[in-house]
Amino acid sequence: MNNHLQLIRFSKQYIILPNDKKLLEDNYVINSIGMFNVYSSKDLAATVLNYENQKVIILGILFDTRDHNKAVKSIVNDLLNFEIDSNQFLTEMSYYNGRYVILIESGQEVYFYNDATSFLSMYYHKNYPVYSSHSAQLNILLKHFYDCEEIRLFHKTKGFLDLSKYENIFKFNSNLRFKLLSHQMKRIYPVNNYIKKDVIDVYSEVIKNMESSVEAILQLNSKILISLTGGYDSRLSLALMKKHMNNVSFFTYIKNDNPNDNSRSQKIYTIDKKVTKNIVNQLNLNHRFFYIDQKQSVRTVEDIYEEYESNHAIQLIQEYHLDEFYHNKVHVKSTLYELAKGISIKGVDNESLKVDEYLSSLIRWSPNSDELWVKNKLYEFIERCQINDFIALGYDFYDILYLESRLNGWHSTIIQESDPYLEVLNIVNSRHILFNFMQIDYKQRKELQFHKHLINQKWPLLEFFSVNENTTLISKVSQLKAQLAKLKSEKKELHPPKKSKLSYQTTYFNRTQGDRGSLFLRNEQLLEENQLYKLVIKNDSNQSLDIEIKTYYKNQKGKKRLYITVNNDRYDIVDFSDYHFIYTLESNEEMNILIEITKTTDKMSWIRAAMFEVIEY
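Residues numbered from 1 in each chain as written. Predicted model: local features only at pLDDT ≥ 70, side-chain atom pairs only at ≥ 80, totals over all residues. Heavy atoms only, no water.

**Student:** So, helix α3 (residues 135-146): which residues are in play, and what are the values?
**Tutor:** One turn of an α-helix holds 3.6 residues; hence residues three or four places apart share an orientation. Across its 12 residues, α3 extends 16 Å between first and last C-alpha, which sits within 8% of the 16 Å expected from 1.5 Å per residue. In terms of burial, α3 is a largely internal element, 9 of the 12 residues being buried. For α3, the elements touching its buried residues are β1 (14-18), β2 (28-33), β8 (123-125), β9 (131-132) and β10 (169-171). Looking one or two residues beyond α3, the residue adopting positive phi is D147, at roughly 50°. (Helix = DSSP H or I, 4+ residues; strand = E, 2+ residues; numbered from the N terminus. Expected span 1.5 Å × (residues − 1). Buried < 20%, exposed > 50% of the residue type's maximum accessible area, 1.4 Å probe, protein only. Contact = heavy atoms within 4.5 Å.)

**Student:** Give a description of the nonpolar core that names residues and reports values.
**Tutor:** If you look at the biggest cluster of nonpolar residues, it comprises 158 residues, and the most contacted ones within it are I102, L103, I104, F112, M210, F437 and F450. Top contributing element to this core by residue count: helix α4 (residues 199-218), with 10 residues. Each residue touching I104, except ones within four places of it in the same chain, is listed here: I33, Q54, K55, V56, L79, L80, I84, F89, E109, V110, Y111 and Y113. Counting 31 residues, the second-largest nonpolar core is a separate cluster that includes I564, Y583, I597 and I607. (Core = buried A, V, L, I, M, F, W, Y, C linked by side-chain atoms within 4.5 Å.)

**Student:** Before we move on, can you summarise the sheet that holds β2 with the specific residues and values?
**Tutor:** Two strands in a sheet stick together by hydrogen bonds in their backbones, pointing the same way (parallel) or opposite ways (antiparallel). A sheet is described by the order of its strands in space; here 6 strands give the open sequence β2-β3-β1-β9-β8-β10, paired in antiparallel fashion. Each edge of the sheet is formed by a strand with only one pairing partner; in this case those strands are β2 and β10. For β1 and β9, the ladder comprises 2 bridges, and the chain directions are antiparallel. In the strand pairing of β9, I15 is matched with S132. (Pairing = 2+ DSSP bridges.)

**Student:** Break down the packing of aromatic side chains for me, with residues and values.
**Tutor:** This model, assessed by the stated rule, comprises 39 aromatic pairs. With a centroid separation of 6.3 Å and an interplanar angle of 20°, the aromatic rings of F251 and F290 are classed as stacked. Of the two residues, F251 is situated in strand β14 (residues 248-254) and F290 in strand β15 (residues 287-291); the sequence distance between them amounts to 39 residues. Of the two residues examined, F251 and F290, each falls in the buried class. Residues F251 and Y326 carry aromatic rings whose centres are separated by 5.6 Å and whose planes lie at 85° to one another, so their mutual orientation is edge-to-face. Of this pair, F251 sits in strand β14 while Y326 sits in the loop between α8 (314-322) and β16 (330-333), and the two are 75 residues apart along the sequence. This pair shows no difference in class: F251 is buried, exactly as Y326 is. Joined through ring pairs, the aromatic side chains of F36, F112, Y124, Y131, F170, F172 and F178 make up one cluster. (Phe/Tyr/Trp six-rings, centres within 6.5 Å; stacked < 30°, edge-to-face > 60°.)

Next comes the structure, spelled out in structure tokens:
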């Protein structure tokens with residue numbers, strides 16, 4: 001141990017220093033590349049490949065999603081067939097998955113790349129060429145070698161944007177490339193322009209890569225852990241692991257049931273427990289629940305936990321520490337599937353490039369709630385990470401923020417919390433897969449069509465179980481049967497429909513015969529906020545006509561949720577149902593009816609609530 005340098009004993013850590021800065025440590029594997037030494041902890045795999053004029057160091061776990069049997073040496077050999085940072089080089093690397101760092105020596109320079117969302121992180125200083133997997137370690141090295149001790153701005157940053165808790169120390173963005181010697185970054189991903197794709201085309205393009213990732217993870221010869229919840233994301237991992245259930249254990253962390261706790265988080269935990277228990281029992285999964293609010297405090301965990309950037313779940317880490325069940329296993333996380341969903345901010349057009357519109361959402365991720373501070377840091381982040389180059393390729397701004405702040409930032413920082421106990425990987429941590437997710441038609445993403453299609457193809461039985469709801473498919477079928485029986489009992493004999501003198505134009509509603517006129521019901525099981533669903537009515541006769549517009553939803557608890565606009569008059573749909581609204585349409589005159597909702601829903605009860613009837617007199 002160097003008497004003047006007290007380093008932190010992080011797991012799965014590395015340090016990169018110029019050759020003239022030496023660590024007198026026996027706890028690291030030391031490899032040189034170019035004008036740098038790479039110090040890596042003994043629990044982090046290090047592969048060194050020497051070529052005639054080049055040297056390559058791989059830290060961590062790396063595999064090719066096109067061929068899970070391909071050795072690391074063959075992967076690197078194929079990569080080096082292309083000029084560094086050329087489109088062919090970057091396209092080749094986009095198929096890589098794992099948790100890795102790639103260092104390539106070229107002339108005097110050393111090029112740094114890491115995995116698609118920084119599962120193996122890198123922190124760098126604004127000015128000095130010293131690099132580390134952990135910000136706290138980097139700050140110690142800066143003080144020792146450069147007499148530069150940066151101010152600690154926050155206790156934790158929660159992985160916000162690319163910030164660390166120290167001034168002038170930043171988290172490297174995995175869609176950039178770093179030249180270590182010249183201390184310069186350049187954006188390299190995405191390679192291609194955004195092209196809107198159909199979900200089936202994306203599924204066909206990535207499913208083999210996802211299946212290959214599963215096989216590559218299994219070849220690590222470690223037991224697999226999957227965190228199972230009541231949502232769709234972990235169900236994708238479950239479906240992809242169907243053939244390998246003997247190698248997989250599942251766990252769910254929940255809070256202790258408290259009848260006096262009416263918080264949203266407690267409700268989520270309660271639903272998670274019920275849905276997950278149903279899945280576990282029906283599929284006979286090897287699974288355990290544990291309560292994260294019943295863990296005893298462990299000093300050794302608390303001490304190292306203080307040094308991380310995140311404070312996601314210390315109770316969870318204490319569980320890992322105390323129970324050998326979790327040790328030396330591979331946790332296959334499901335978080336990255338979020339990019340296949342329709343990520344959006346309430347009240348903001350997803351195509352908006354007005355940065356200020358995103359501040360209210362970003363504040364909830366931020367260690368500082370001051371809006372001006374968040375705004376300034378966002379603009380600095382955009383410039384530092386060359387976000388405008390990403391936007392110029394046509395990608396959605398909020399998708400970019402989610403990928404490069406939420407996933408590259410927050411999610412990768414919480415991975416470090418579990419490093420002393422287990423390895424963490426993801427089936428879709430590949431740029432080829434993630435950028436395809438971001439190009440799925442947005443409407444299809446909102447409807448979770450990728451998730452549903454994959455489950456239907458790989459394990460359709462999983463659709464039997466409800467998603468984040470206190471119901472099952474059986475109970476839903478029973479409810480529908482009861483509703484159908486009620487409708488049949490209440491059905492009145494209809495008069496033969498008279499020939500309509502009206503014509504209707506819409507792409508949003510199905511028209512059926514009602515008791516007195518034409519009923520209009522949304523033709524998809526989805527109502528999206530800020531979307532106007534339009535019906536145009538035209539009087540095709542040569543005389544004026546009186547028509548009545550009727551709605552039938554009367555639940556006062558549903559007020560301020562659904563609205564109907566007739567021509568330019570807007571009403572709450574609950575209030576509208578209390579009156580008879582009769583309008584006169586002159587010959588060839590048109591009338592517009594608009595339906596809108598204030599919160600996106602796919603519940604059939606709200607779809608029916610939006611139904612209306614047009615009655616001719």
